Amino acid sequence: MVDSIGTKAGAVTDRRSVPVEPAGKIAAVRPVPGEAPAVRSAAAEIAAEQALKPPVDLDRVSRIRKAIEDNKFPISPSTIADRLLAFKLDWKSREPS
């Protein structure tokens, strides 16, 4: 048999009666001077390089906007539908069961 969740008589001590000491000052963490990672991984180098770039290619966005305004941007409804379905199916396969 499984006991219900809750308090049982005599099982819980009164924690309010225990005195609590105030916390003292905590020293700030400082890096050790002169120590650097010995090996820098390729992933860390790529991440550092990408962090310096803006997250969006503004030139490409402006070219696409201009093409849409000029009605020169190729829109294929079947391609859009195919990609939406592929995305949906890929997303469904990643959901936890």
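Cut-offs applied
Residues numbered from 1 in each chain as written. Predicted model: local features only at pLDDT ≥ 70, side-chain atom pairs only at ≥ 80, totals over all residues. Heavy atoms only, no water. Helix = DSSP H or I, 4+ residues; strand = E, 2+ residues; numbered from the N terminus. Areas by Shrake-Rupley, 256 points an atom, 1.4 Å probe, with all protein chains shown as cover. pLDDT = per-residue confidence, 0-100. Patch = residues over 30% accessible without salt bridge, like charges linked within 9 Å, V, L, I, M, F, W, Y side chains within 5 Å. Salt bridge = Lys/Arg side-chain N within 4 Å of Asp/Glu carboxyl O. Buried < 20%, exposed > 50% of the residue type's maximum accessible area, 1.4 Å probe, protein only. Expected span 1.5 Å × (residues − 1).

Enquirer: Could you give an account of the overall build of the chain, with specific residues and numbers?
Expert: Assigned secondary structure in the chain consists of three helices and zero strands. Along its sequence from the N terminus, the chain presents helices and strands in the succession α-α-α. Just so you have it, the chain exposes about 10,300 Å², and 60% of that area is on carbon and sulfur atoms.

Enquirer: Give a description of the confidence of the model for the chain that names residues and reports values.
Expert: Residues with a pLDDT of 70 or more make up 65% of the chain, whose mean pLDDT is 77. Of all helices and strands in the chain, the one with the weakest mean pLDDT is helix α3 (residues 77–94) (85), whereas helix α2 (residues 58–69) scores best (92).

Enquirer: Provide a residue-level description of a nonpolar patch on the surface, including the pertinent values.
Expert: A grouping of I68, F73, I75, I80 and L84 is seen on the molecular surface, where their side chains present a nonpolar patch of about 500 Å² in accessible area. Exposure remark for I68: the relative accessible area of 47% places this residue in the partly exposed category.

Enquirer: Got a sec to walk through the pattern of salt bridges? Specific residues and values, please.
Expert: Summed over all chains, the structure comprises one salt bridge. Its salt-bridge partner being D70, residue K66 comes within 3.3 Å of it at the nearest N-O pair.

Enquirer: Can you tell me about α2, naming the residues and giving the values?
Expert: Helix length check: α2 (12 residues) gives 16 Å between terminal C-alpha atoms against 16 Å at 1.5 Å per residue, within 8%. Within α2, only one of the 12 residues are buried, which leaves it mostly out in the open. One or two residues past the end of α2 sits N71, with phi positive at roughly 55°.

Enquirer: For unusual backbone geometry, give the residues involved together with the corresponding values.
Expert: A positive phi angle, near 55°, is found at N71, a position not held by glycine. Tracing the backbone shows N71 in the loop between α2 and α3.

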